[in-house]
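# Notes for the structure review
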Amino acid sequence: MKMTEIKALETKELAEKLETEVGNYNQMKLNHAITPMENPSQIKAARRDIARMKTELRQRELNK
């Protein structure tokens, strides 16, 4: 997910999307620990997406 897509979302939608992504990330980590994934770089991409979302939420919080 790109920053332009993240900035286009409403704050409430972004918070919901963040919760969903964190859940998916934790599930991917658990599944990868049990049986290795074909493409483990998905874990890295998910972690970065989560960081982008948290950054945008924090910026919105500070700009209020």
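That block above? That's the structure.
Report follows, based on the coordinates. In this text the structure is predicted, and so the values were computed from the model without any measurement.

### Regarding the pattern of salt bridges
Across all of its chains, the model carries four salt bridges by this definition. Between Glu21 and Lys17 there is a salt bridge, with the nearest N and O atoms lying 4.0 Å from each other. Of the two residues, Glu21 and Lys17 both sit in helix α2 (residues 11-34), four residues apart, roughly one turn of that helix. Look at Glu21 and you get buried, because its relative accessible area is 17%.

### Points about the nonpolar core
The biggest cluster of nonpolar side chains holds nine residues, and these are Ile6, Leu14, Leu18, Tyr25, Met28, Ile43, Ala46, Ile50 and Met53. Ignoring any residue separated from it by four or fewer positions in sequence, one finds Ile43 in contact with Tyr25, Met28, Lys29, His32 and Met37.

### Examining the side chain of Asp49
Position of Asp49 relative to the elements: it lies in helix α3 (residues 41-62). Of note is the side chain of Asp49, whose polar atom sits 2.8 Å from the side chain of Arg52.

### A short note on α3
Between the first and last C-alpha of α3 there are 32 Å, a value that for 22 residues agrees with the 32 Å anticipated at 1.5 Å per step. Among the residues making up α3, those that are buried are Ile43, Ala46, Asp49, Ile50, Met53, Glu56 and Arg60. Buried residues of α3, seen end-on, are gathered within an arc of 150° and therefore sit on one face of the element. Looking at the packing, one finds that the buried side of α3 touches α1 (3-8) and α2.

### Focus: the environment of Ile6
Within the element layout of this structure, Ile6 appears in helix α1. Its relative accessible area of 0% is what places Ile6 among the buried residues. Along the chain, Ile6 and Asn24 lie 18 residues apart, while their C-alpha atoms are 17 Å from each other. With residues near it in sequence (within four places) discarded, Ile6 still touches Met1, Leu14, Arg52, Met53, Glu56 and Arg60.

Rules behind the numbers
Residues numbered from 1 in each chain as written. Predicted model: local features only at pLDDT ≥ 70, side-chain atom pairs only at ≥ 80, totals over all residues. Heavy atoms only, no water. Salt bridge = Lys/Arg side-chain N within 4 Å of Asp/Glu carboxyl O. Helix = DSSP H or I, 4+ residues; strand = E, 2+ residues; numbered from the N terminus. Buried < 20%, exposed > 50% of the residue type's maximum accessible area, 1.4 Å probe, protein only. Core = buried A, V, L, I, M, F, W, Y, C linked by side-chain atoms within 4.5 Å. Contact = heavy atoms within 4.5 Å. Polar contact = N/O pair within 3.5 Å; in protein donor to acceptor, adjacent residues only side chain to side chain. Expected span 1.5 Å × (residues − 1). Arc of directions from axis to C-beta.

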